[in-house]
Amino acid sequence: MRAAATMSGTAAASGFVLLLLSVPVVQCENGWGVRYTSTEICVPRGSTVDINCTYTSTFNNREVTVQKTFWFIKDSNGIYVDLMTDPEYSGRVEYLCENNKCTLRISDLRETDSAVYKFRFTTNRISVTGSAVKEFKVTTIQESFTGSAGVTLNVTDPQLQVHVRRSTANPYPTWTELTCHSSCQLPDPLSYVWFKNNKQLVGRKKYFLLQHFNAGDNYHCAIEGHERFPSPTLYAPKVPSVSVSPSGEIMEGSSVTLTCSSDANPAANYTWYKEDEDSPRASGQIFTITNITAEHGGNYRCEAQNRRGRSDASLHVTVGAGESVIIMNIIRLTLVVVLVPVLVWTLWTRMKKTLSLKSEVNEAVEMESDDCPEYENVTAAAETEDTEEQEDLV
């Protein structure tokens, strides 16, 4: 660079420079490049973000002096607008650049700041050209380079979730690890705030270890300084709400749908049991029974469970007779209504006839009984006469 400066000064005086040594100009592969630390960042509104990059600028294996560095979000017709001159970022943008590293710092972030940010640098490279008479001309070439990928910045309310798992960092199996998880990549480092039953706990890390996980406790987290955007509270399932459709008595042969819903975080898993049975009948929030029979009637219990605990609720299913059964019942009833009176009348008629016959027989027997004494008297008289005759003969 010193030689280049000397040549530049001589050229300014005489318009050309005479070189004592003939040094060929060789075009080597240039090392131009920009590398971003992250390609996507998600930050909450009102916070401050640092977007980092490193860059290289070499020509002929020599470092070229960088004249200007800046960040921009878009270009229009090849014109790159420096964020330092953009009125929308006035007083909120700062460049921290040294040793081929450059950081863009944006404070008081707004949702309108969501965009793709790129870094650009400009160099003044000296070019030397010569003729056959050893007359050389020195010119300055301005070159610029932009990191094409850029960094996507998403400014929004942080959507946090508390994830639960068995601790792998602790040898005790009863320990549980809570993680304050975000749906997008948050910049590091960040401090977190943890709450148990709405009371702040000691600890500022993304992970929180619990020795005992009581079902009656609830937990949530937030980013420090943004406690107004907490995660949903983590808790065991509440008592489920259960329903049956259609309601009332279910006819045999039809279908019925049992539904179970419980307020829980994380979301609950559902299992259905029938009364006096240990094995589950179904799993899932909805349980459908098709072609139902009388055997399906009874009490059903829905159990809602997550890693925090469990809760259950019951309902009753009443199964009535189907159309075919109703028709058969009508036929049976008709037969009973018609045949019973006929049977009774038949039996009554038979009994009446029987009683009448018995009455006639009794009358005949009584008449015969009245005639028999006269016959006995005649016989006795005859026998008396015979006896008297025998006595006279003697």
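Computed from a prediction, not measured in an experiment: that's the story for all the values here. (Residues numbered from 1 in each chain as written. Predicted model: local features only at pLDDT ≥ 70, side-chain atom pairs only at ≥ 80, totals over all residues. Heavy atoms only, no water.)

Got a minute to help me understand the pattern of salt bridges in this structure?
Any two side chains of opposite charge can pair, on the condition that their charged atoms come close. Enumeration according to the criterion identifies nine salt bridges in this entry. Between Glu303 and Arg301 there is a salt bridge; the shortest N-O distance is 3.6 Å. Accessibility expressed as a relative area gives 28% for Arg301, which makes it partly exposed. Within the structure, one salt-bridge network assembled from shared partners comprises Arg301, Glu303, Arg310 and Asp312. (Salt bridge = Lys/Arg side-chain N within 4 Å of Asp/Glu carboxyl O. Buried < 20%, exposed > 50% of the residue type's maximum accessible area, 1.4 Å probe, protein only.)

Honestly, the side chain of Lys274 in this entry has me stumped. Any pointers?
Mapped onto the fold, Lys274 is located in strand β22 (residues 269-274). Buried Lys274, no salt bridge; nearest opposite-charge side chain is Glu275, N-O distance 4.3 Å. Here the side chain of Lys274 touches Gly297 through a polar contact of 3.0 Å, landing on its backbone oxygen. Residues in contact with Lys274, not counting those within four places in the same chain, are Arg281, Glu295, His296, Gly297, Gly298, Asn299 and Tyr300. (Helix = DSSP H or I, 4+ residues; strand = E, 2+ residues; numbered from the N terminus. Lys, Arg positive; Asp, Glu negative; His and termini not counted. Polar contact = N/O pair within 3.5 Å; in protein donor to acceptor, adjacent residues only side chain to side chain. Contact = heavy atoms within 4.5 Å.)

Sorry if this is basic, but what is going on with the state of the cysteines here?
In protein chemistry, a disulfide is the covalent bond that joins the sulfur atoms of two cysteines. Taken as a whole and judged by the stated rule, the model has three disulfides. Note on cysteine connectivity: Cys97 is disulfide-linked to Cys102, with sulfurs 1.8 Å apart. Using a relative accessible area of 32% as the deciding quantity, one classes Cys97 as partly exposed. Residue Cys180 pairs covalently with Cys221 via a disulfide, S to S 2.0 Å. Across the disulfide from Cys180 to Cys221, rotation about the S-S bond amounts to roughly 80°, and the bridge is consequently right-handed. Here Cys221 lies in strand β18 (residues 219-223) and Cys180 lies in strand β14 (residues 176-182), a separation of 41 residues in the sequence. (Disulfide = S-S within 2.5 Å.)

Would you take a moment to explain the confidence of the model for the protein chain for this structure?
Detail in the predicted coordinates should be disregarded across regions flagged by low pLDDT. Of all residues in the protein chain, 71% have pLDDT values of 70 or greater, and the mean over the chain is 75. Element-level mean pLDDT values for the protein chain span from 34 in helix α1 (residues 2-14) up to 96 in β22. Long-range and interchain partners of residues 126-134, a stretch whose pLDDT sits below 50, account for 20 contacts in this model, where long-range means more than four residues apart. This model gives residues 378-382 a pLDDT under 50, and the stretch forms zero contacts once residues within four places in sequence are excluded. (pLDDT = per-residue confidence, 0-100.)

Can you walk me through the pairing of strand β17 (residues 207-210) in this structure?
The side chains of a regular strand alternate, first on one face of the sheet and then on the other. Only one face of β17 is covered, namely the one carrying Phe208 and Leu210; the face carrying Tyr207 and Leu209 has none of its residues buried. Of the pairings in the sheet, the one linking β14 to β17 comprises four bridges and is antiparallel in character. Bridging from a neighbouring strand, Glu177 pairs with Leu209 of β17. (Pairing = 2+ DSSP bridges.)

Would you explain the nonpolar core in this entry?
Side chains of a nonpolar character, in soluble globular proteins, are inclined to be buried together. Counting 25 residues, the largest nonpolar core has Trp71, Leu104, Tyr117, Phe119 and Leu153 as the members making the most contacts within it. Contributing elements (two or more residues each) for this core: β1 (31-36), β2 (40-43), β3 (49-59), β5 (66-72), β8 (93-98), β9 (101-106), β10 (115-130) and β12 (151-155). Examining the composition of this core, we find that four residues originate from one element, β3, more than from any other. (Core = buried A, V, L, I, M, F, W, Y, C linked by side-chain atoms within 4.5 Å.)

It is not clear to me how the packing of aromatic side chains should be interpreted in this structure. Could you clarify?
Given two aromatic rings, one states the distance between the centres and the angle between the planes to describe the pair. Inspection of the entire model under this criterion finds eleven aromatic pairs. An aromatic cluster is present here, built from Tyr36, Tyr55, Trp71, Phe119 and Phe121 joined pairwise through their rings. Just above the ring of Tyr80 sits the side chain of Arg120; from NZ or CZ to the centre is 4.0 Å. Between Lys274 and the ring centre of Tyr300, over which it is positioned, the NZ or CZ distance is 5.7 Å. (Phe/Tyr/Trp six-rings, centres within 6.5 Å; stacked < 30°, edge-to-face > 60°. Lys NZ or Arg CZ within 6 Å of the ring centre and 35° of its normal.)

How should I be thinking about the sheet that holds strand β20 (residues 249-251) in this particular structure?
Across a sheet, strands are paired by hydrogen bonds formed along the backbone, either parallel or antiparallel in direction. With mixed pairing, five strands are arranged side by side in an open sheet as β20-β26-β25-β22-β23. Two strands bound the open sheet, and with one partner strand each, they are β20 and β23 (282-283).

Explain unusual backbone geometry to me, please; I cannot follow it from the model alone.
As a rule of thumb, non-glycine residues mostly have phi less than zero, and peptide bonds are mostly trans rather than cis. A cis geometry characterises the amide bond from Ser245 onward to Pro246, with omega recorded as 0°. Along the chain, Pro246 turns up in the loop between β19 (241-245) and β20. The residue after Asn265, namely Pro266, is reached through a cis peptide bond having omega 5°. Examined against the element boundaries, Pro266 turns out to sit in the loop between β21 (256-261) and β22. Despite not being glycine, Asp108 shows a phi value in the positive range, around 50°. Along the chain, Asp108 turns up in the loop between β9 and β10. Judged by relative accessible area, Asp108 falls into the partly exposed class, the value being 42%. Phi at Asn197 is positive, roughly 50°, even though this residue is not glycine. Within the fold, Asn197 resides in the loop between β15 (192-196) and β16 (199-200).

Help me out: how do you make sense of the side chain of Thr179 in this one?
Secondary-structure assignment places Thr179 in strand β14. On the basis of relative accessible area, Thr179 is assigned to the buried category, the value being 12%.

Just checking my understanding: could you explain the environment of Thr259 for this structure?
Within the secondary structure, Thr259 is located in strand β21. C-alpha separation for the pair Thr259 and Val244, spaced 15 residues apart in sequence, amounts to 6.4 Å. The contacts of Thr259, once residues within four sequence positions are left out, are Ser241, Val242, Ser243, Trp272, Gln285 and Ile286.

What is the right way to look at a nonpolar patch on the surface in this model?
Taken together, the side chains of Leu333, Leu335, Val337, Val338, Leu339 and Val342 present a nonpolar region at the surface, about 560 Å² in accessible area. Following the sequence through the fold, Leu339 ends up in helix α2 (residues 323-393). (Patch = residues over 30% accessible without salt bridge, like charges linked within 9 Å, V, L, I, M, F, W, Y side chains within 5 Å. Areas by Shrake-Rupley, 256 points an atom, 1.4 Å probe, with all protein chains shown as cover.)

Would you mind going over the sheet that holds β16 with me for this structure?
An order of β16-β15-β18 is seen for the three strands of this open sheet, with the pairing classed as antiparallel. Unpaired on one side and paired on the other, β16 and β18 mark the two borders of the sheet. As judged from the five bridges shared by β15 and β18, these two strands associate in the antiparallel manner. What sits directly across from Lys196, in β18, is Tyr219.

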